[in-house]
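# Topology and contacts: notes
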Amino acid sequence: NAGVMQNPRHLVRRRGQEARLRCSPMKGHSHVYWYRQLPEEGLKFMVYLQKENIIDESGMPKERFSAEFPKEGPSILRIQQVVRGDSAAYFCASSRDRDWQPQHFGDGTRLSIL
Amino acid sequence: KNEVEQSPQNLTAQEGEFITINCSYSVGISALHWLQQHPGGGIVSLFMLSSGKKKHGRLIATINIQEKHSSLHITASHPRDSAVYICAFVSDQGAQKLVFGQGTRLTINP
């Protein structure tokens, strides 16, 4: 997992605050995927991005959640006005290109909402 | 009905036993992944399959596209193999995203 870097590893926020999760893909990878794992549940797709483009956001909640992958810098998953139900592990994966390349995962960010 | 089902959900075995975890899916796929997740840890991709069989050390993964079924086998299991094993597929409908099974929690006792 050393290639895909996520930070922070753990993030604690109070209800109503904003959470920003960062993901730096592996070197040479231009495709980034965000997944969420709710407590005692399986992983679920959230969003798929390429540099400066959102390709598929079909798994993103309609409100409060947004994602970006700028030309320079990491991909950011942003959650505004967090609620207790946002507590989960958020994983980022990256791949070199689109055609079902193996996806390399980061170690995840564990978000806890007080 | 989930698009991907794993069995068993939980599996406890003794060190040295041969382990099989099954994964069935209901849609057309372009690839299937087997992933390993340790408690509190990250996710490691073990295999990506589109046909046939792959082997890496004590791990073997097989897939039968016609029957929409894949298996992960562990030979000579060891306590360090204890983890959650997850199968996930990429649909053949063009959406480049993984759809995950619920995972199989494997515990290997010494």
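Everything here concerns the structure above.
Residues numbered from 1 in each chain as written. Chains lettered and ligands numbered in written order. Predicted model: local features only at pLDDT ≥ 70, side-chain atom pairs only at ≥ 80, totals over all residues. Heavy atoms only, no water.

## Re the overall build of chain A
Scanning chain A for helices and strands turns up zero helices and 11 strands. Starting at the N terminus and walking to the C terminus, you meet the elements of chain A as β-β-β-β-β-β-β-β-β-β-β. Relative to a compact globule of 114 residues, whose C-alpha radius of gyration would be 13 Å, chain A shows 13 Å and is just as compact. Along the first, second and third principal axes, the C-alpha atoms of chain A reach 40 × 25 × 25 Å. Taking all 114 residues of chain A together, the buried fraction comes to 43%. (Helix = DSSP H or I, 4+ residues; strand = E, 2+ residues; numbered from the N terminus. Rg over C-alpha atoms; globule rule 2.2 N^0.38 Å. Buried < 20%, exposed > 50% of the residue type's maximum accessible area, 1.4 Å probe, protein only.)

## Here we look at the side chain of Gln-37 of chain A
Within the secondary structure, Gln-37 of chain A sits in strand S4 (residues 31-37). At 2.9 Å, the side chain of Gln-37 of chain A and the side chain of Gln-37 of chain B are in polar contact. Sequence-distant contacts of Gln-37 of chain A, defined by excluding residues within four places in its chain, comprise Gly-42, Leu-43, Ala-88, Ala-89 and Phe-91 of chain A together with Gln-37 of chain B. (Polar contact = N/O pair within 3.5 Å; in protein donor to acceptor, adjacent residues only side chain to side chain. Contact = heavy atoms within 4.5 Å.)

## Here's the deal with the interface of chain B and chain A
Accessible area lost upon the coming together of the parts is a frequently used measure of interface size. With 22 residues of chain B at the interface, the matching set in chain A holds 23 residues. Here chain B packs against chain A, burying approximately 1,800 Å² in sum over the two surfaces, 56% of which is carbon and sulfur. Three residues, Ile-43, Gln-96 and Phe-100 of chain B, lead the burial of chain B against chain A; their summed loss comes to 35% of the area buried on that side. Counting across the interface, chain B meets chain A through one salt bridge. Ionic pairing is found between Asp-56 of chain A and Lys-97 of chain B, a salt bridge with its closest N-O pair at 3.8 Å. Secondary structure elements with two or more residues in the side of chain B that touches chain A: strand S4 (29-37), strand S5 (43-49), strand S9 (83-91) and strand S10 (98-100) of chain B. It is S4 of chain B that provides the largest number of residues to the side of chain B that touches chain A, a total of five residues. Looking at the side of chain B that touches chain A residue by residue, the class counts come to 10 nonpolar, 11 polar and one charged. (Buried area = accessible area lost by both parts, 1.4 Å probe. Salt bridge = Lys/Arg side-chain N within 4 Å of Asp/Glu carboxyl O. Nonpolar A, V, L, I, M, F, W, Y, C, P; charged D, E, K, R; others polar.)

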